[in-house]
Amino acid sequence: MKNLQYANGDQMPILGLGTWKAGPGEVYEAVRTALRLGYRHIDCATVYGNEAEIGQALADAMAAGDVSRDELWITSKLWNDAHRQEDVRPALLRSLHDLQLDHLNLYLIHWPVVFKSGAGFPQSDAGYLSLAEVPLRETWSAMEACVHEGLVRHIGVSNFSARKCRHLIDAGHIKPEMNQVEMHPLLSQQGLRDFCVDNGILMTAYSPLGSGDRPASFKAEHEPQLMELTVIKAIAAERKRTPAQILLAWAVKRGTAVIPKSVNPQRLHQNLEAAEIELTEAEMAQINALDCHYRFVTGATWKGPNTPENLWDEK
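Worth saying up front: this structure is predicted, and the values here are computed from it rather than measured.

A.B. asks: Describe the pairing of strand 5 (residues 73-78), listing the residues and the values that go with them.
C.D. replies: Taken across its six residues, strand 5 has six buried, putting it largely inside the fold. Sheet topology places strand 4 (residues 41-43) next to strand 5; three bridges connect them, and they run parallel. If you follow Ile 42 over to strand 5, its bridge partner there is Ile 74. For the crossover that starts at strand 4, traverses helix 2 (residues 51-63) and ends in the parallel strand 5, the hand is right-handed. Sheet topology note: the strand 5/strand 6 (residues 104-109) ladder contains four bridges and is parallel. Of the residues in strand 6, the one forming a bridge with Leu 78 is Ile 109. Crossover strand 5 to strand 6 through helix 3 (residues 85-99) is right-handed.

See the structure below:
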């Protein structure tokens, strides 16, 4: 398995298991199976609602001798209702409790979107706060304190534009070390990737296969299907691989981590194998030409002061 290296030398497996949409009763077995297959990177988040079940799977796997804590890379994310200075540490402690861990390898600000404390998922503008009311630097300062306390080894962001990353670089004491964003051949994020490379920020691709099982409120009519794209299917057929494996191999070749979600043992195995597929430069060029800046996760679901334009800074 290839790794991404952090500035302090820590190594993160480049392909991990995503757990968004992995439901109760299935995520436990998915994690146990993934660890037996060789996965060592598990991507979690408070809002996924399954960290307690994942934590039990991790504890049982370690007790069974399948894996040690030192071999694991565990990521979680701060939800939007815990951005205030006083809310960050308690939110992290809840994740640590549920995951049955004494520290995380990586903790991310899930979105640059702020809810009122305890709002969960606000149904109206009244549940939102602006970044002027709760600045990103306030949240980031509390994240930094968690690093100093030893509760987390690395901190970063998710769904952040280059402009918002720059703000934290300039305002903070610890530079964001990771930016997790939607990334696939229809949304290659090349400009953002160039910025992150130039500033020493690693990247993780979520929704690398298009997240066809995401909530209906996140979907558009007649949206494209990544695994049905002609170029992807042709390369897969030529290599006797699956389209999903080619999509994942593309992400790995670009030097970005990738976190496909699956609870199916066969697909878990196939996804893991994708990290070893070495696409040619010609194949990469064909896939790169597919970019059309298409987002499956647009951010349009957020209300209050948040619009897709100011969320992604693409006005």
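A.B. asks: Which residues make up helix 7 (residues 230-239), and what are the values?
C.D. replies: Of all the positions in helix 7, only Ile 232, Ile 235 and Ala 236 are classed as buried. Within helix 7, the buried residues cover an arc of 100° as seen down the axis, which keeps them to one side. Across helix 7 from its buried face, at more than 90 degrees, point the exposed residues Thr 230, Ala 237 and Glu 238. Each element contacted by the buried residues of helix 7 is listed here: helix 8 (243-253) and helix 10 (281-288).

A.B. asks: Please set out the nonpolar core residue by residue, giving values where relevant.
C.D. replies: Counting residues in hydrophobic clusters, the biggest one holds 83 residues, and the most contacted among them are Ile 74, Leu 104, Tyr 107 and Leu 279. With seven residues, helix 8 is the largest single contributor of residues to this core. Once you skip the residues sitting within four places of it in the chain, Tyr 107 turns out to touch Ser 76, Lys 77, Leu 78, Val 88, Ala 91, Leu 92, Met 143, Val 152, His 154, Ile 155 and Gly 156. Counting eleven residues, the second-largest nonpolar core is a separate cluster that includes Tyr 128, Tyr 206, Ile 259 and Trp 312.

A.B. asks: Which residues make up the packing of aromatic side chains, and what values do they have?
C.D. replies: To describe a pair of aromatic rings, one takes the distance between the centres and the angle between the planes. A complete count under the given rule lists eleven aromatic pairs for this structure. Aromatic pair Trp 79 and Phe 121: ring centres 5.2 Å apart, planes at 50°, arrangement tilted. Of the two residues, Trp 79 sits in the loop between strand 5 and helix 3 while Phe 121 sits in the loop between strand 7 (114-115) and strand 8 (128-129), which places them 42 residues apart along the sequence. A ring pair is formed by Trp 111 and Trp 302, whose centres lie 5.3 Å apart and whose planes are at 80°; its orientation type is edge-to-face. Pair noted here: Trp 111 is in the loop between strand 6 and strand 7 and Trp 302 is in the loop between helix 10 and helix 11 (308-312), with a separation of 191 residues, a long-range link. Residue Trp 111 shares its accessibility class with Trp 302, and that shared class is buried.

A.B. asks: Before we move on, can you summarise helix 4 (residues 136-148) with the specific residues and values?
C.D. replies: Helix length check: helix 4 (13 residues) gives 19 Å between terminal C-alpha atoms against 18 Å at 1.5 Å per residue, within 8%. Within the sequence span of helix 4, burial applies to Leu 136, Glu 138, Thr 139, Trp 140, Ala 142, Met 143, Glu 144 and Cys 146. Here the buried face of helix 4 lies against strand 5, helix 3, strand 6, strand 9 (152-158) and helix 5 (162-171). Looking one or two residues past helix 4, Gly 150 carries a phi angle of roughly 85°, positive in sign.

The rules behind the values
- Residues numbered from 1 in each chain as written.
- Predicted model: local features only at pLDDT ≥ 70, side-chain atom pairs only at ≥ 80, totals over all residues.
- Heavy atoms only, no water.
- Buried < 20%, exposed > 50% of the residue type's maximum accessible area, 1.4 Å probe, protein only.
- Helix = DSSP H or I, 4+ residues; strand = E, 2+ residues; numbered from the N terminus.
- Pairing = 2+ DSSP bridges.
- Right-handed = clockwise from strand over helix to strand, strands pointing away.
- Arc of directions from axis to C-beta.
- Contact = heavy atoms within 4.5 Å.
- Core = buried A, V, L, I, M, F, W, Y, C linked by side-chain atoms within 4.5 Å.
- Phe/Tyr/Trp six-rings, centres within 6.5 Å; stacked < 30°, edge-to-face > 60°.
- Expected span 1.5 Å × (residues − 1).

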